Amino acid sequence: MSKEHSEPVKVLVTGGAGFIGSHLTVELLGMGYQVCVVDDLSTGSLDNLKQVSSNPALEVHCFSVNDLDLLLKACKGVRYIFHQAAIPSVPRSISDPLSTNHANVNGTLSVLVAARDAGVKKVVYASSSSVYGDTPTLPKVEEMAPNPLSPYAVSKLAGEYYCAAFTASYGLATTSLRYFNVYGPRQAADSAYAAVIPRFISLIKNGKPPQIFGDGCQSRDFTFVKDVVRANILAAQSPETGAYNIGSGISISLNELCSQMLKMMGRTDITPVYASLRPGDVLHSLAEISRAKIAFGYNPLYSLEQGLKATIEDYE
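Quick summary incoming for the structure in this document.

## Digging into the packing of helix 6 (residues 196–205) against helix 8 (residues 254–264)
So, point 1. Running from N to C, helix 6 and helix 8 point in directions that differ by 40 degrees, and their axes come no closer than 11 Å. It follows from the interaxial angle that helix 6 and helix 8 lie oblique. For the element pair helix 6 and helix 8, the recorded crossing hand is right-handed. On helix 8, the residues touching Val 196, Ile 197, Phe 200, Ile 201 and Ile 204 of helix 6 are Leu 254, Leu 257, Cys 258, Met 261 and Leu 262.
So, point 2. Across the contact of helix 6 with helix 8, the residue classes break down as 10 nonpolar, no polar and no charged.

Right, here's the structure in full:
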């Protein structure tokens, strides 16, 4: 992942003040890229970029990716776009599908139009394993027919199709990365839509029982954020296009996850509480990652234990 040229290469990260986007921004700056962040701060925070705020190679613009005129200006001279901006929540998409569609589908179309018109070399798009739905076959392979169960999953799949259409229609290189349950430092724990790992950490830290929706036998492939960042950069630097799974290739049940986290945080005196399964939740997910390995050398470097340790330490 070395710098490609002695002249700084300019890249744009949409949603760059968000959880994944901020990690990507920090890594790109460390590699010598000039980074332009576009974020409307609806789910992101400038606090996530505090450690690099004084870096002269960083510029931050606070507007929506749906503002095409401003986006076109920001894309000037950009080689790669890492499109992370989205409303990233299944439950929120079920309660407010219109906002999810506007941010995720219209927003992705705006990014692709701006990339095409600005002569960007490649767009790397943050998709989601939710596009597979609840197909019983595991692991999930890219050739499977999608079966989205929530407006969020539909919005992510629509974004993938738009990426493929722009590659076919305009020759704009695009890669869609289907993330499997990304977690890590700086992931929000204080929202009703928080992901399971930060929510567990927050509750356990405060001496409260973690809440599991369903019986806890449902399983997930958890992917540490630094592995996702590497996948984005490798995909940008590769000529390959299309959709790729980005996961760890290993799954764990929510009951096992909870037990492991209680041990790691020294709170084996706490037991989880159970609630009804939420609409749109998938029962099992596990990524087959060989396609991304072959295409651009993606290989996860962090075990779940290493990732959880780093995440728990960050929250504490």
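Read on for the rest.
## Thoughts on the packing of helix 4 (residues 97–118) against helix 5 (residues 151–170)
So, point 1. Relative orientation of the contacting elements helix 4 and helix 5 amounts to 15 degrees, with a least axis distance of 9 Å. Of the possible angle classes, the one that applies to helix 4 and helix 5 is roughly parallel. Where helix 4 crosses over helix 5, the two elements pack in a sense that is right-handed. Two secondary-structure elements touch here, helix 4 through Pro 97, Thr 100, Asn 104, Val 105, Thr 108, Leu 109, Leu 112, Val 113 and Arg 116 and helix 5 through Pro 151, Tyr 152, Ser 155, Lys 156, Ala 158, Gly 159, Tyr 162, Cys 163, Phe 166 and Tyr 170.
So, point 2. Across the contact of helix 4 with helix 5, the residue classes tally to 12 nonpolar, five polar and two charged.

## Examining the packing of aromatic side chains
So, point 1. The final tally for this structure, using the stated rule, is six aromatic pairs.
So, point 2. Aromatic side chains Tyr 183 and Phe 222 sit 6.3 Å apart centroid to centroid with 85 degrees between the ring planes, which places their arrangement in the edge-to-face category. Note that Tyr 183 is positioned in strand 7 (residues 182–183) and Phe 222 in the loop between strand 9 (219–220) and strand 10 (223–224), a separation of 39 residues in sequence.
So, point 3. Residue class for Tyr 183 comes out buried when judged on its relative accessible area of 1%.
So, point 4. With relative accessibility at 7%, the residue Phe 222 sits in the buried group.
So, point 5. Between the aromatic rings of Tyr 244 and Phe 296, the centroid separation amounts to 5.1 Å while the plane-to-plane angle is 75 degrees, which identifies the pairing as edge-to-face. Here the residue Tyr 244 occupies a position in strand 11 (residues 242–246), and Phe 296 occupies one in helix 9 (residues 290–296), the gap between them amounting to 52 residues.
So, point 6. Under the relative-accessibility criterion, Phe 296 is labelled buried at 8%.
So, point 7. In textbook terms, an aromatic cluster arises when at least three aromatic residues are bridged by ring pairs, as seen for Tyr 183, Phe 222, Phe 224 and Tyr 302.

## As for helix 5
So, point 1. With 20 residues, helix 5 ought to run about 28 Å at 1.5 Å a step, and its terminal C-alpha atoms sit 28 Å apart, in line with that.
So, point 2. Within the span of helix 5, buried status applies to Tyr 152, Ala 153, Ser 155, Lys 156, Leu 157, Gly 159, Glu 160, Cys 163 and Phe 166.
So, point 3. Considering only its buried residues, helix 5 is in contact with helix 3 (90–95), helix 4, strand 5 (122–128), strand 6 (173–179) and strand 11.
So, point 4. Once helix 5 finishes, Gly 171 follows within two positions and takes phi at roughly 75 degrees, a positive value.

## Some remarks on the side chain of Arg 199
So, point 1. Counting through the fold element by element, Arg 199 comes out in helix 6.
So, point 2. Summary of buried charges: Arg 199 has no salt-bridge partner, and the nearest side chain of opposite charge, Asp 281, is 7.5 Å away.
So, point 3. Discounting residues that sit within four places of it in the chain, Arg 199 has contacts with Ala 189, Ala 194, Gln 211, Phe 213 and Arg 278.

Parameters and conventions
Residues numbered from 1 in each chain as written. Predicted model: local features only at pLDDT ≥ 70, side-chain atom pairs only at ≥ 80, totals over all residues. Heavy atoms only, no water. Axes fitted to C-alpha atoms, helices over the stretch in contact; angles between N-to-C directions. Helix = DSSP H or I, 4+ residues; strand = E, 2+ residues; numbered from the N terminus. Parallel < 35°, antiparallel > 145°, perpendicular 65-115°, else oblique. Left-handed = near helix turned anticlockwise from the far one by under 90°. Contact = heavy atoms within 4.5 Å. Nonpolar A, V, L, I, M, F, W, Y, C, P; charged D, E, K, R; others polar. Phe/Tyr/Trp six-rings, centres within 6.5 Å; stacked < 30°, edge-to-face > 60°. Buried < 20%, exposed > 50% of the residue type's maximum accessible area, 1.4 Å probe, protein only. Expected span 1.5 Å × (residues − 1). Lys, Arg positive; Asp, Glu negative; His and termini not counted. Salt bridge = Lys/Arg side-chain N within 4 Å of Asp/Glu carboxyl O.

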